[in-house]
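# Survey of secondary and tertiary structure
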Amino acid sequence: MSGGESLQHVASQGDPLSFIDRFPSIMGKYRDCNFSFSGIKTTAVRLIAKEEEKHGIVGDGILPNVADVAAAFQLGLTRHLVRRLLRCMIFIEQKELLKAGEMTLVLSGGVACNSFIRQVIGQVCESNGYTLKVPSPKLCTDNGIMIAWNGVEYLKAGMGVAPDPGSVDIEPK
């Protein structure tokens with residue numbers, strides 16, 4: 001089970017509003033299209049440590065409110081993804097980087113296995129004229145697999161690959 005799917009499984013039992021004030025909007029001051037999860041991860045680590053202290057949890061004990069923490073983290077993470085994604089979509093539209101009807105977003109990696117995040121990103125795409133592509137979950141657990149899948153999609157589209165991939169000499173470093 002990927003991290004995204006594990007998070008969704010635990011979060012589905014919790015109250016996302018229980019700690020949502022702990023996960024404020026991050027990167028709002030940055031006027032670029034970059035994503036960063038370090039701030040939200042740090043927030044989660046600090047919240048967990050505080051809750052462990054509050055509940056006297058030591059070692060590998062489990063918080064009694066773990067589902068609430070997970071749900072709030074998932075919602076905070078999803079809000080961050082949506083805000084940054086919308087910023088990217090606006091940039092693409094302003095710079096006319098993609099033609100209408102050809103706008104596709106690929107959601108991959110462990111986050112693509114999280115049905116909550118996938119559904120919200122799908123709504124964002126639909127509202128903004130994008131097609132959402134999500135590989136099968138078995139391809140969303142390892143970055144190497146995702147890179148290979150991306151290469152296959154480029155190859156099928158005849159884009160960005162050697163005219164004869166068999167002629168490319170590959171040597172290990």
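Treat the numbers as computed from the prediction; the structure is a model and nothing was measured. Throughout this document, residue positions are counted from 1 along each chain, in the order its sequence is written. Per-residue local features of the predicted model are confined to residues with pLDDT of at least 70, and side-chain atom pairs are confined, for both listing and counting, to 80 or more; whole-chain, interface and lining totals are unaffected and use all residues. The basis for every side-chain value is the complete set of non-hydrogen atoms in the structure, without hydrogens or water.

## Quick notes on the environment of Ser-167
Locating Ser-167 in the fold gives a position in the segment after helix H5 (143-157). Taking the C-alpha atoms as reference points, Ser-167 and Ser-25, 142 residues apart in sequence, are found 49 Å from one another. Secondary structure counts use DSSP, requiring at least four H or I residues in a row for a helix and at least two E residues in a row for a strand, with both numbered from the N terminus.

## Digging into the packing of aromatic side chains
Aromatic rings in a pair are described by how distant their centres are and how their planes are angled relative to each other. Each pair of aromatic rings taken from Phe, Tyr and Trp, with Trp reduced to its six-membered ring, is defined by centres within 6.5 Å and is described as stacked if the planes are under 30 degrees apart, edge-to-face if over 60, and tilted in the remaining cases. All chains considered together, the criterion is met by one aromatic pair. Where Phe-23 meets Phe-73, the ring centres are 5.9 Å apart and the plane angle is 65°; that geometry is what we call edge-to-face. Residue Phe-23 is located in the loop between helix H1 (3-11) and helix H2 (38-55), and its partner Phe-73 is located in helix H3 (residues 66-94); the two are separated by 50 residues in the primary sequence. The two residues Phe-23 and Phe-73 agree in class, both being buried. Whether a residue is buried, partly exposed or exposed follows from its accessible area with a 1.4 Å probe, protein chains only, as a fraction of its type maximum: under 20%, in between, or over 50%, in that order.

## Details of a nonpolar patch on the surface
A contiguous nonpolar patch, built from Val-10, Ile-62 and Val-66 and spanning about 240 Å² of accessible area, is present on the exposed surface. Relative to the elements of secondary structure, Val-10 occurs in helix H1. Residues enter a patch when their relative accessible area is above 30% and they make no salt bridge; the linking distance is 9 Å between like charges and 5 Å between nonpolar side chains (Val, Leu, Ile, Met, Phe, Trp, Tyr). Every accessible area reported is derived by Shrake-Rupley at a probe size of 1.4 Å, with residue values counting cover from the shown protein chains alone. A pairing counts as a salt bridge when a side-chain nitrogen of Lys or Arg comes within 4 Å of a carboxyl oxygen of Asp or Glu.

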